[in-house]
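Next come the chains, spelled out residue by residue.
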Amino acid sequence: MRTDIDSASASTASFTICWPLRDSLHSAGSRPAGAQDEASSARAVREMFDSIAPRYDLLNHVLSCNVDRIWWWRTARRFRHILTRPEARVLDICCGTGDMTLALLRRRSGQGVPVIAADFSPAMLERARKKLPARQTTVIEADALHLPIESASLDLITTAFGFRNLANYQDGLAEFFRALAPGGEVGILDFSEPGGVMGKLYAFYFRRILPAIGSRLSGQGDAYAYLPQSVANFPSPPAMLDLMRQAGFTQVSWTPYSFGIAGLWRGNKPA
Ligand SMILES: C[S@@+](CC[C@H](N)C(=O)[O-])C[C@H]1O[C@@H](n2cnc3c(N)ncnc32)[C@H](O)[C@@H]1O
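What you see is a predicted model, and the numbers here were worked out from it, not measured in a lab. (Residues numbered from 1 in each chain as written. Predicted model: local features only at pLDDT ≥ 70, side-chain atom pairs only at ≥ 80, totals over all residues.)

Caption draft 1: How the structure looks around the site of the ligand. Around the ligand, 22 residues are found, and the nearest of them are Cys94, Gly96, Ser121, Ala160 and Gly162. Among the secondary structure elements, those contributing two or more residues to the shell around the ligand are α2 (38–64) and α5 (99–105). Sort the elements by how many residues they give to the shell around the ligand and α2 lands first, with 5 residues. Classifying every residue of the shell around the ligand gives 13 nonpolar, 5 polar and 4 charged. (Near = placed C-beta within 6 Å. Helix = DSSP H or I, 4+ residues; strand = E, 2+ residues; numbered from the N terminus. Nonpolar A, V, L, I, M, F, W, Y, C, P; charged D, E, K, R; others polar.)

Below you can see the structure in the form of structure tokens.
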């Protein structure tokens, strides 16, 4: 299914089915259970990913039936016009164990400027370092809300399934906007909640079955209870597009993947 929506159509009636109600409930950023403020949310998220890192890849592929590979591949393909430019400066933030970064590298020539892969979880990064070719990547520990990167220096920022975990979405977008060069682009791949019959089936899987399997295989029940909560708390596609426009991005759009289970938000920093 391909029904991109852009900022102009974001408020049209077809999206008023369930998203406005959700958007009145979602918060400004991720709030894991027990977290009181942004600092404690960020700490809880980092500790959670550190704890599930050893089994993250296995669980990811089992729980998504390997569809996640297609989502990373589609995201990288969407930005091939940038990735194929050897001088393009690219950041994959919230890189985790590095699969989105690997998909980006497949679109890049070996001579290109190394892609920066960054995350704030040392245990996730340890795994990324083992997977990513050292010549083609620079792996750094960094917080998405405080990037150790010069303003206006990047041509592309991607983030896959990480943005939803940020303690403040507006601050995250503002930080991406700051780091991008004029004409640069951002791609945010993350989960969404599809509507209709598919949505009901998926909600059952996502809220009941996935947390049960995830907690059994990882031994970390909290992490897999957090996942559906964080998706429910995340702004709907039209609301995210509004946040992106408020941050200054233009030509914003959302492309649903797999019936809207996931999707790619993208936008440009004006040249
Ligand atoms: C669900 S994983 C996704 C990893 C990878 N991108 C993928 O697609 O498999 C989310 C990642 O975001 C990272 N993360 C969450 N908040 C972050 C922040 N504020 N700064 C940097 N990394 C963050 C976590 O440590 C975790 O590795």
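Caption draft 2: Region of interest: the confidence of the model for the chain. Confidence in the prediction of the chain, expressed as mean pLDDT, is 88, and 90% of residues score 70 or more. The low-confidence segment residues 10–17, where pLDDT is below 50, has 8 contacts with residues more than four positions distant or belonging to other chains. (pLDDT = per-residue confidence, 0-100. Contact = placed C-beta atoms within 7 Å.)

Caption draft 3: Looking closely at the packing of α2 against helix α8 (residues 196–218). Where α2 meets α8, the closest approach of the two axes is 10 Å, and the angle between their N-to-C directions is 140°. Seen from above, α2 lies across α8 with right-handed handedness. Facing α2, whose interface residues are Ile52, Arg55, Leu59 and Leu63, α8 presents Leu210, Ile213, Gly214, Leu217 and Ser218. Within the contact of α2 with α8, the residues separate by chemical class into 6 nonpolar, 2 polar and 1 charged. (Axes fitted to C-alpha atoms, helices over the stretch in contact; angles between N-to-C directions. Left-handed = near helix turned anticlockwise from the far one by under 90°.)

Caption draft 4: Structural view of the environment of Glu193. Note that Glu193 resides in the loop between β6 (180–191) and α8. A residue is classified by how many C-beta atoms lie within 10 Å of it, and Glu193, with 19 of them, is partly exposed. As a C-alpha pair, Glu193 and Ala262 span 69 residues in sequence and 7.8 Å in three-dimensional space. Setting aside its immediate chain neighbours within four residues, Glu193 contacts Gly199, Val231 and Ala232. (Buried ≥ 20, exposed ≤ 12 C-beta atoms within 10 Å, placed from the backbone.)

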